[in-house]
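Chain residues, written in single-letter form:
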Amino acid sequence: MRTFLATSAIALGLTACAGQTPAPAQPAATPAPAAAAAPKAPQCWNGDAGKFMDVGVVTKISGVEVTCEKTSDGKNAQWMGKKH
């Protein structure tokens, strides 16, 4: 008897959903600002400071003076030590 009631309740619920009119179309989303679409400039992670640093920044990491420089492809950056 319980399974019959549960089955009837499910069937009734499905019928009620099928008989509803479709929801109105959602309005188009506003376009993202142009600044958000621009690719982010490469940066270097400074673990001592716990943050990213911009290209060109000179700092000391673990006592060694380094500079954040772009890689050859220009898409990334890495810490480079002083060149002798």
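1. A closer look at the state of the cysteines
Counted according to the given criterion, the structure contains 1 disulfide. Here Cys-44 engages in a disulfide with Cys-68; their sulfurs sit 2.2 Å apart. With the S-S dihedral at roughly 90 degrees, the linkage between Cys-44 and Cys-68 falls on the right-handed side. Pair noted here: Cys-44 is in strand β1 (residues 43-46) and Cys-68 is in strand β4 (residues 64-70), with a separation of 24 residues, a long-range link. Note on accessibility: Cys-44 and Cys-68 belong to one class, buried.

2. Concerning the pairing of strand β3 (residues 58-61)
Taking every second residue as pointing to the same face, the buried face of β3 carries Thr-59 and Ile-61, while none of Val-58 and Lys-60 on the other face is buried. Pairing between β3 and β4: 4 bridges, direction antiparallel. Residue Thr-59 lies in a different strand from β4, and its bridge partner there is Val-66.

3. Remarks on the sheet that holds β4
Strands sit in the order β3-β4-β5 across an open sheet of 3 strands; the sheet is antiparallel. Each having just a single partner strand, β3 and β5 (77-81) make up the two edges of the open sheet. Shown here is a sheet whose adjacent strand axes are inclined to one another by a mean of 45 degrees, direction ignored. Pairing between β4 and β5: 5 bridges, direction antiparallel. From the neighbouring strand, Lys-70 faces β5, where its bridge partner is Ala-77.

4. A closer look at the environment of Asp-48
Of note, Asp-48 is situated in the loop between β1 and β2 (51-54). Counting along the chain gives 14 residues from Asp-48 to Ser-62, while the straight-line C-alpha distance between them is 7.4 Å. If sequence neighbours within four positions are ignored, Asp-48 has contacts with Lys-60, Ile-61 and Ser-62.

5. Digging into the side chain of Thr-59
Tracing the sequence through the fold places Thr-59 in strand β3. A residue is classified by how much of its surface remains accessible, and Thr-59, at 19% relative accessible area, is buried. Apart from residues lying up to four places away in sequence, Thr-59 is in contact with Asn-46, Val-64, Glu-65, Val-66 and Trp-79.

What counts, and where the lines are drawn
Within each chain, residue numbers correspond to sequence positions counted from 1 in written order. Whole-chain, interface and lining totals are the exception, using all residues; otherwise, since this is a predicted model, local features are given only for residues with pLDDT of at least 70 and side-chain atom pairs are given and counted only at 80 or more. Each side-chain value is worked out from all heavy atoms of the structure, with water and hydrogens disregarded. The definition used for a disulfide is geometric: two cysteine sulfur atoms within 2.5 Å. In this text, helices come from DSSP runs of H or I with a minimum length of four residues, and strands from runs of E with a minimum of two, each type numbered from the N-terminal end. Note on classification: 1.4 Å probe, protein chains only; a residue is buried when its accessible area is under 20% of the maximum for its type, exposed when over 50%, partly exposed between these limits. When DSSP locates at least two bridges between a pair of strands, those strands are taken to pair. Axis lines are fitted to C-alpha atoms, over the contacting stretch for helices. Their N-to-C directions set the angle, which ranges from 0 to 180 degrees. Pairs of residues are marked as contacts when any of their non-hydrogen atoms sit within 4.5 Å.

Such coordinate-based values are descriptive only and should not be taken to indicate function.
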